[in-house]
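# Summary of structural features
Now for the letters of each chain:
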Amino acid sequence: MAKIKELLNRKVNFKNLILILLFMPIICILIIFLMSFICGLVSSILPMHYKDKMILKGYYEKEEHFQKDGFQDYTDYCKYIYKKSDDDKFKNNTKYQIVKEENIEGLKNYFNDTRKWMSI
């Protein structure tokens, strides 16, 4: 109890208190800025890491499709064009399969009935 009374009777150094009150918001803003910078950096590096693993190397042309008035600068999809001699790359890769006549209607539904296959 005596220590509490001693602490209450101490004089407050108003200069230090004012400095602390001024610099705390500045430090918080700097921390928020730093964290947003780090998050932006990570979110821009991760897609580059995964992008190369999904697209087979060897395409000779790439067409990027996006909405000019869309949100920010996101690519909606890309069309990668390969030579006929690259067909074996796709046949031997487990990520890809040959589209057969019976698959075409199902593939069209991915584009025409998006809400259904996304279960929205």
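Remember, predicted model here, so these are calculated numbers, not experimental data.

## Quick notes on the overall build of the chain
When helices and strands are tallied, the chain shows five helices and two strands. Going from the N terminus to the C terminus, the chain shows its helices and strands as α-α-β-β-α-α-α. Restricting the contact set of the chain to residue pairs at least 6 apart, pairs at least 24 apart contribute 33%. Approximately 12,000 Å² of the chain is accessible, and the part contributed by carbon and sulfur atoms is 63%.

## Side note on the confidence of the model for the chain
A residue-level look at the chain finds 71% of positions with pLDDT of 70 or above and a mean pLDDT of 77. By mean pLDDT, helix H1 (residues 2-9) is the weakest element of the chain at 66, and helix H3 (residues 87-91) is the strongest at 86.

## Remarks on the packing of aromatic side chains
With the rule as written, the count across this model stands at four aromatic pairs. Taking 4.7 Å as the distance between ring centres and 65° as the angle between the ring planes, the aromatic pair formed by Tyr59 and Tyr80 counts as edge-to-face. On the criterion of sequence distance, the pair formed by Tyr59 in the loop between helix H2 (14-54) and strand S1 (61-65) and Tyr80 in strand S2 (residues 77-81) is long-range, its members being 21 residues apart. According to the relative accessible area criterion, Tyr59 is partly exposed, its value standing at 35%.

## Overview of the pattern of salt bridges
Applying the stated criterion across every chain yields a total of three salt bridges. Across the salt bridge formed by Glu64 and Lys62, the nearest N and O atoms sit 3.3 Å from each other. Accessibility expressed as a relative area gives 42% for Glu64, which makes it partly exposed. Lys84 is the partner of Asp87 in a salt bridge, and the nearest nitrogen-oxygen pair spans 3.1 Å.

## Observations concerning the environment of Tyr77
Here Tyr77 is to be found in strand S2. In this structure the C-alpha to C-alpha distance between Tyr77 and Phe66, which are 11 residues apart in sequence, comes to 6.9 Å. Residues in contact with Tyr77, not counting those within four places in the same chain, are Glu63, Glu64 and His65.

What counts as what
Residues numbered from 1 in each chain as written. Predicted model: local features only at pLDDT ≥ 70, side-chain atom pairs only at ≥ 80, totals over all residues. Heavy atoms only, no water. Helix = DSSP H or I, 4+ residues; strand = E, 2+ residues; numbered from the N terminus. Contact = heavy atoms within 4.5 Å. Areas by Shrake-Rupley, 256 points an atom, 1.4 Å probe, with all protein chains shown as cover. pLDDT = per-residue confidence, 0-100. Phe/Tyr/Trp six-rings, centres within 6.5 Å; stacked < 30°, edge-to-face > 60°. Buried < 20%, exposed > 50% of the residue type's maximum accessible area, 1.4 Å probe, protein only. Salt bridge = Lys/Arg side-chain N within 4 Å of Asp/Glu carboxyl O.

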